Amino acid sequence: MARKPKKAVGSDDVYLWVRPESRFIWFRMAVPREVRAKVGKSFIAQSLKTADRREAVILAGKRRAELFEEWGLMTAATPATPPLRVPTPAELEALAVELGHDNIIEYEDVRRAGVSGHGRRRWLRHIERTRIALEEQARRSAFGDNAGMAAFADLAIEELGLDLPPDSEAYAKFLADLNAARLAALRVSNERVAGNLDAETDSKLVTRVRDQARQKAKAGETLLELFELRAAELLAKKEIRLDTVNQDRKVIEQFAAFVGPDRAIDSITAAEVEDYRDTLRMLPPKWPSHNALRGMDMRTAAVKARELGLAQVAFTTVNKHLSTISPLYAWLRGRRKGRWPNLINPVDGLHFDKVKGKNPRPPFTTDALNKMLRSPLFVGFRADGYEHKPGNMRADDWRKWVPLACLFTGARIGEIAQLRIGDVRKDRGVWFVHIQHDDKDGQATKSGKSRPAAVHSMLEKIGFIEFRNRQLAAAGGNLEARLFPELEPNSRGQISALPSRWWREYLAAIGLKNGADGVGAHSFRHTLADRLRVEAELLDDQIEVCLGHNQKTTTSGYGELSQGTVTMFKDWIDRVRFDGVSFEHLLEGSVK
């Protein structure tokens, strides 16, 4: 909504308001955002006790100066016009109660006190005016006549810089809430005039807003603040990675925006979490960046997404969100019992059951491996960017060696991509890859532990060690140099991002991947696991050691060294023959 034209900035008559049913001119001003929490109001409205406009202009300027001095804002010459922003439904309800109920109560109490000592006749006139005002407001409410509140609403919208178009449903509801709040206020005032000075409203709207105000978190106890406390503790204990924290923070930010960023954590109910879950399910993946949904709040975007028939977030993704929120409650219950002794986890029981895919990372079949190894990348391609097209170029960089190293070691693509030249070395005559977890050096494994992976005899014959030696010579003998210097971490610190995406796209281009079938670099691990079972005849606990899986046993927690020796791994890995897979052309075409 375009902002309505205002009078010249700095002109004090912009703070004047001729209030209905008042013989005096009023001062009104939006409280600047930077002090709104301290002041406890979003809007100031006070009678200037004069009906003379020239005098009111002077008084308004004086009052504004007094308030700015009181708030410590005198250094700001003129408050800058804030950008228009979309208010939340809860914010509009709170504003309606503040303007239509609280300010009216305050005004009526002041007016009642002002006439109480001026004789019976004036008092009776005051009672009559209050009764008439109530009856008129009741009539408007009964007939849904909200037009009388439009000028009042527009004033508040303008002063607070809200993006609330007059033809929107939110605007219509705001008018209705203002009407309802004013009716509740006049009912209370009528009772107080009749002698019940302790009268309070039973309005559902006012009660709901009051309850929401009581649900606000104390300083330092918002969802995001508590999340940061837990994250800092887990990072210090090395129980979580920084990238995980950064991704989890996005979930908590979205959840906090949905239930209210300043909500007390023990006020959030299971019904609200369920609402969040179901709303998230209606949205497409990465919905905030979707062109059709850009700038919308989550609820509005969900409705629009269903109207457009957009794809929906997977059940597994929804469960991941719930599994990010739930641990925060578990941590508070365990680590902050004094503050929240009876904290209930509202996420309990809300995960979707039986939604995990049957085979999210299928292994490569023998035919698929042969097709892959006979594809242009490994026998000759047209040019950089056209690795899937036949030609005479040969790769001798990460494009060739990262997938081959993953195939023969079963390591994750990020574990291979991060290697230093010195990580490929000999021990007792055996070449192996030292897959490191070193926070200082930016190297990481999923288990958080370093491990060796023996170089398969076929990988050595194909030329992997020769490639390592060429890289060492190019780096001037620096063993700390990257084995694949072209690869750099992305904004999330993930060095696997580029090769993972590139490899998926390459597999699709040569016909080995179809959409979201799960085929990718991780399929190498599943392939090797199957070959270790069948050809090396290893048991699952031995395969776990080969692949670097976490083993939750008492013994695994003893000592600092990982299980297994390089010679043992060499024996195991060389038992894998890759039956039916042809490597002869790679031996003939290896770079010397």
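Because the structure is a prediction, the values reported are computed rather than measured.

A few words now on empty space enclosed by the protein. Tallied over the full model, the rule gives 3 cavities of 30 Å³ or more. In this structure, the largest cavity encloses a volume near 80 Å³. Forming the boundary of the largest cavity are Thr409, Pro452, Ala453, Ala454, Leu528, Leu532, Cys546, Leu547, Phe569 and Ile573. Top contributing element to the lining of the largest cavity by residue count: strand E6 (residues 451–454), with 3 residues. Among the residues making up the lining of the largest cavity, the classes are represented as 9 nonpolar, 1 polar and no charged.

For helix H22 (residues 566–574), the complete set of buried residues consists of Val566, Phe569, Lys570, Trp572 and Ile573. Projected onto a plane normal to the axis of H22, the buried residues spread over an arc of 170° and lie on a single side.

Within helix H18 (residues 464–474), the full set of buried residues consists of Phe464, Ile465, Phe467, Arg468, Gln471 and Leu472. End-on, the buried residues of H18 take up no more than an arc of 155°, which puts them together on one face. In H18, the exposed residues that point more than 90 degrees away from the buried face are Ala473 and Ala474. Looking at the buried positions of H18, the neighbouring elements they touch are helix H15 (398–409), strand E4 (424–427), strand E5 (430–435) and helix H17 (457–462). Within two residues after H18, Gly476 carries a phi angle of roughly 65°, on the positive side.

Here the focus is the sheet that holds strand E3 (residues 43–47). Strand order in the open sheet made by the 3 strands is E1-E2-E3, with antiparallel pairing throughout. Among the strands making up the open sheet, the edge pair consists of strand E1 (16–18) and E3. Neighbour to neighbour, the strand axes of the sheet diverge by 30° on average, direction disregarded. For E1 and strand E2 (residues 25–30), the ladder comprises 3 bridges, and the chain directions are antiparallel. Each bridged residue has a counterpart across the sheet, and for Val18 the counterpart in E2 is Ile25. Lying over the sheet, helix H5 (residues 150–160) contacts E1, E2 and E3, oriented at roughly 40° with respect to E2.

Moving on, we get to the environment of Val209. In this structure, Val209 sits in helix H7 (residues 204–214). Take Val209: its relative accessible area is 8%, and that puts it in the buried class. As a C-alpha pair, Val209 and Glu98 span 111 residues in sequence and 9.5 Å in three-dimensional space. Every residue in contact with Val209, bar those within four places of it in the chain, is listed here: Glu93, Ala94 and Val97.

It is worth spelling out the packing of helix H9 (residues 242–259) against helix H10 (residues 270–281) at this point. Two numbers describe a pair of packed helices, the interaxial angle and the distance between the axes. Between H9 and H10, whose axes approach to 11 Å, the crossing angle comes to 115°. Between H9 and H10, the angle falls in the class roughly perpendicular. For the pair H9 and H10, the sense of crossing is right-handed. Of the residues in H10, those touching H9 at Val251, Gln254, Phe255, Phe258 and Val259 are Glu272, Val273, Asp275, Tyr276, Thr279 and Leu280.

On to the packing of aromatic side chains. For the structure on display, the rule yields 17 aromatic pairs. Note on Phe258 and Tyr276: the rings are 5.4 Å apart at their centroids and 75° apart in plane angle, and the pair reads as edge-to-face. Of this pair, Phe258 sits in helix H9 while Tyr276 sits in helix H10, and the two are 18 residues apart along the sequence. In this structure, Phe258 and Tyr276 share a single accessibility class: buried.

Before going further, it helps to spend a moment on unusual backbone geometry. Even without being a glycine, Lys286 presents a positive backbone phi close to 50°. For Lys286, a relative accessible area of 73% corresponds to the exposed category. Despite not being glycine, Arg428 has its phi angle at roughly 55°, a positive value. Looking at where Arg428 falls in the secondary structure, it is placed in the loop between E4 and E5. On the basis of relative accessibility, which here comes to 59%, the residue Arg428 falls in the exposed class.

Once that is clear, we can look at the side chain of Glu415. Positionally, Glu415 belongs in helix H16 (residues 413–417). Judged by relative accessible area, which is 2%, Glu415 ranks as buried. There is a polar contact of 2.9 Å between the side chain of Glu415 and the side chain of Arg412.

So, on to the side chain of Ser203. Here Ser203 is to be found in the loop between helix H6 (169–193) and H7. Here Ser203 falls in the buried class, since its relative accessible area comes to 14%. Among the polar contacts made by the side chain of Ser203, one reaches the main-chain amide nitrogen of Leu205 at a distance of 3.3 Å.

Okay, the nonpolar core next. Within the largest apolar cluster, 68 residues are counted, with the highest numbers of intra-cluster contacts made by Phe364, Met372, Phe464, Phe484, Trp503 and Phe583. For this core, the leading source of residues is H15, giving 8 residues. Apart from residues lying up to four places away in sequence, Trp503 is in contact with Phe364, Met372, Leu377, Phe378, Pro403, Gly520, Ala521 and Phe524. In this structure, Val245, Val273, Val318 and Val347 belong to the second largest nonpolar core, which totals 38 residues.

About the criteria used
Residues numbered from 1 in each chain as written. Predicted model: local features only at pLDDT ≥ 70, side-chain atom pairs only at ≥ 80, totals over all residues. Heavy atoms only, no water. 1 Å grid on protein atoms, 1.4 Å probe; cavity = no way out; pocket = protein on both sides within 12 Å on 5 of 7 lines; lining within 4 Å. Points joined across faces, edges and corners; volume = space filled by probe spheres on them. Helix = DSSP H or I, 4+ residues; strand = E, 2+ residues; numbered from the N terminus. Nonpolar A, V, L, I, M, F, W, Y, C, P; charged D, E, K, R; others polar. Buried < 20%, exposed > 50% of the residue type's maximum accessible area, 1.4 Å probe, protein only. Arc of directions from axis to C-beta. Contact = heavy atoms within 4.5 Å. Pairing = 2+ DSSP bridges. Axes fitted to C-alpha atoms, helices over the stretch in contact; angles between N-to-C directions. Parallel < 35°, antiparallel > 145°, perpendicular 65-115°, else oblique. Left-handed = near helix turned anticlockwise from the far one by under 90°. Phe/Tyr/Trp six-rings, centres within 6.5 Å; stacked < 30°, edge-to-face > 60°. Polar contact = N/O pair within 3.5 Å; in protein donor to acceptor, adjacent residues only side chain to side chain. Core = buried A, V, L, I, M, F, W, Y, C linked by side-chain atoms within 4.5 Å.

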